[in-house]
Amino acid sequence: MQERLKELQAEAIQKVTQAVGLKELNDIRVAYLGKKGPITEVLRGMGKLSAEERPVMGALANEVREAISTKIEEKQSELEEAAVQAKLAAETIDVTLPGRPVKVGSHHPLTKIIEEIEDLFIGMGYEIAEGPEVEQDYYNFEALNLPKGHPARDMQDSFYITEEILLRTHTSPVQARTMEKHQGKGPIKIICPGKVYRRDNDDATHSHQFMQIEGLVVGENIRMSDLKGTLEVFAKKMFGADREIRLRPSFFPFTEPSVEMDISCKMCGGHGCSVCKHTGWIEILGAGMVHPNVLEMAGYDAKKYSGFAFGMGPERIAMLKYGIDDIRHFYTDDVRFLKQFAVEE
Ligand SMILES: [Zn+2]
């Protein structure tokens, strides 16, 4: 019996040593130490032993059980530790893997154009002025020499909120407000970028909401030649030093005389193509000398002060500069369109 127990101990310990998993180890535990195991079996035969032998055998059986279960515990912690190590190894960050690209947004092409124009004029000593998009009829029209009933008001179909309040149709009310603030004293040198609204049906070249940038200079001895020089610097910096400009007579109620500025067509070099409608020139902006009525209404002495103003559409500038064929691209938030402008950042 003693030998049988020793045998069982050796056998169990060998199996435990060779065990490769926690499940196998548990199976060994149940097989050797369980109620149906061989050690229990041996102990059941103790009844046949003499009174002297019994305690000796009992002690030995306990020793064997103890030895086996100690070995099992050792093995168990060994296996558990190995499992933790294996898990850690599996979860190690592999620095050789290529990273996942993080998607980065970019400036909207209109924002970029507006900032470029702003920088250009700030470089020439201009300040940026802003005003409300929900505007009074007075600043949007009347103060700009467009009294009620003036036919030119029809050129700018407006979104009226009340009889006297509307969504501004141009950024010119910012000019009127700025002149009023100066209380008849110059000089003023501002550009006003912002959103404007008109009741237009949206198509490739029209949008009911679009951007404008206007400029205003008021001072003593401001002449048409100052306007022309300013616009020439702007056109060459914006579109390239090789571009020519020309001024054509035009009409705006708030300027007199009024002009429109064209730049020479880059596509054909002035020879005529479909982009310039075979004229060799592309219209860029409207401008003129501030109408004396506008100056007087803002409190300026039109005999002492003069000024010039110009206004342009950043969409049109961006369309020409980047070759965009539809104004709606700016407002439909198509990422495929927008991300083309991310590369220059
Ligand atoms: Zn052309």
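Up top you'll find the structure we're talking about.
Before going into details, it helps to say that this report is about the structure given with it.

## What to know about helix 4 (residues 53-90)
Step number 1: The terminal C-alpha atoms of helix 4, which comprises 38 residues, lie 55 Å apart, in line with the 56 Å expected from a rise of 1.5 Å per residue.
Step number 2: Regarding helix 4, the residues found buried are M57, G58, L60, A61, V64, I68, S69, I72, K75 and L79.
Step number 3: Packed against the buried residues of helix 4 are helix 1 (2-18), helix 2 (22-33) and helix 3 (38-44).

## Some words on the coordination of the zinc ion
Step number 1: Listed as protein donors to the zinc ion are C265 (SG), C268 (SG), C273 (SG) and C276 (SG); their distances from the metal cover 2.2 to 2.3 Å.
Step number 2: Classification of the site at the zinc ion as tetrahedral follows from its four donor atoms and the range of 105 to 114° in their angles at the metal.
Step number 3: According to the relative accessible area criterion, C273 is buried, its value standing at 15%.

## Considering the packing of aromatic side chains
Step number 1: One pass over the full model with this rule turns up 10 aromatic pairs.
Step number 2: Between F121 and Y126 the ring centres are 5.0 Å apart and the planes differ by 75°, which places this aromatic pair in the edge-to-face class. This pair shows no difference in class: F121 is buried, exactly as Y126 is.
Step number 3: Its guanidinium or amino end placed over the ring of Y139, R177 lies 4.2 Å from that ring's centre, counting from NZ or CZ.

## As for unusual backbone geometry
Step number 1: Cis rather than trans, the peptide bond between E256 and P257 has omega equal to -5°.
Step number 2: A positive phi angle, close to 60°, is found at N221, a residue other than glycine.
Step number 3: Position of N221 among the secondary structure elements: in the loop between strand 5 (209-220) and helix 8 (224-239).
Step number 4: Exposure remark for N221: the relative accessible area of 59% places this residue in the exposed category.

## Topic: helix 10 (residues 314-322)
Step number 1: Residues of helix 10 that are buried include every one of P314, E315, I317, A318 and M319, and no others.
Step number 2: Elements that come into contact with the buried residues of helix 10 comprise helix 5 (109-122), strand 5, helix 8, strand 8 (281-290) and strand 9 (305-312).
Step number 3: Positive backbone phi, approximately 70°, marks G323, located one or two places after helix 10.

## Let's talk about the side chain of S207
Step number 1: Within the secondary structure, S207 sits in the loop between strand 4 (188-197) and strand 5.
Step number 2: Only 2.6 Å separates the side chain of S207 from the backbone oxygen of Q209, close enough to count as a polar contact.
Step number 3: Non-local contacts of S207, meaning those with residues more than four positions away in its chain, are made with D200, D202, I327 and Y331.

## Brief notes about the pattern of salt bridges
Step number 1: Evaluated as defined, the whole model comprises 16 salt bridges.
Step number 2: Linking E135 and R177 is a salt bridge whose minimum nitrogen-to-oxygen distance equals 2.7 Å. On the criterion of sequence distance, the pair formed by E135 in strand 2 (residues 134-136) and R177 in helix 7 (residues 172-181) is long-range, its members being 42 residues apart.
Step number 3: Among the residues examined, R177 registers a relative accessible area of 24% and is labelled partly exposed.
Step number 4: Through salt bridges with shared partners, a single network forms among D137, E142, K148 and E164.

## What to know about the pairing of strand 9
Step number 1: Counted residue by residue, strand 9 has seven buried out of eight residues, so it is predominantly covered.
Step number 2: Across eight bridges, strand 5 lies against strand 9 in antiparallel orientation. Bridge pairing links E220 to Y305 in strand 9.
Step number 3: When strand 8 meets strand 9, the two strands line up antiparallel, connected through five bridges. Following the sheet pairing, G286 is matched in strand 9 by G311.

## A short note on the nonpolar core
Step number 1: Counting 43 residues, the largest nonpolar core has F234, M261, L285, F310 and M312 as the members making the most contacts within it.
Step number 2: Once residues within four sequence positions are removed from consideration, M261 is found in contact with L231, F234, A235, I245, R246, L247, I282, E283, I284 and L285.
Step number 3: Listed in part, the 25 residues of the second largest apolar core include L146, I190, C192 and F252.

## Focus on the sheet that holds strand 1 (residues 127-128)
Step number 1: Taken together, the seven strands give an open sheet; going across it, the order is 1-4-5-9-8-7-6, and neighbouring strands pair in mixed fashion. Since the sheet does not close on itself, it has two edges, and those belong to strand 1 and strand 6 (245-252), each with one partner.
Step number 2: Taken strand by strand, helix 5 contacts strand 1, strand 4, strand 5 and strand 9, and its axis lies near 165° from that of strand 4.

What counts as what
- Residues numbered from 1 in each chain as written.
- Predicted model: local features only at pLDDT ≥ 70, side-chain atom pairs only at ≥ 80, totals over all residues.
- Heavy atoms only, no water.
- Helix = DSSP H or I, 4+ residues; strand = E, 2+ residues; numbered from the N terminus.
- Expected span 1.5 Å × (residues − 1).
- Buried < 20%, exposed > 50% of the residue type's maximum accessible area, 1.4 Å probe, protein only.
- Contact = heavy atoms within 4.5 Å.
- Donors = N, O, S within 2.8 Å, 3.2 Å for Na, K, Ca; no water.
- Tetrahedral: all angles 85-135°; square planar, octahedral: opposite > 155°, others 65-115°.
- Phe/Tyr/Trp six-rings, centres within 6.5 Å; stacked < 30°, edge-to-face > 60°.
- Lys NZ or Arg CZ within 6 Å of the ring centre and 35° of its normal.
- Polar contact = N/O pair within 3.5 Å; in protein donor to acceptor, adjacent residues only side chain to side chain.
- Salt bridge = Lys/Arg side-chain N within 4 Å of Asp/Glu carboxyl O.
- Pairing = 2+ DSSP bridges.
- Core = buried A, V, L, I, M, F, W, Y, C linked by side-chain atoms within 4.5 Å.
- Axes fitted to C-alpha atoms, helices over the stretch in contact; angles between N-to-C directions.

What is shown is where atoms sit, not what they do.
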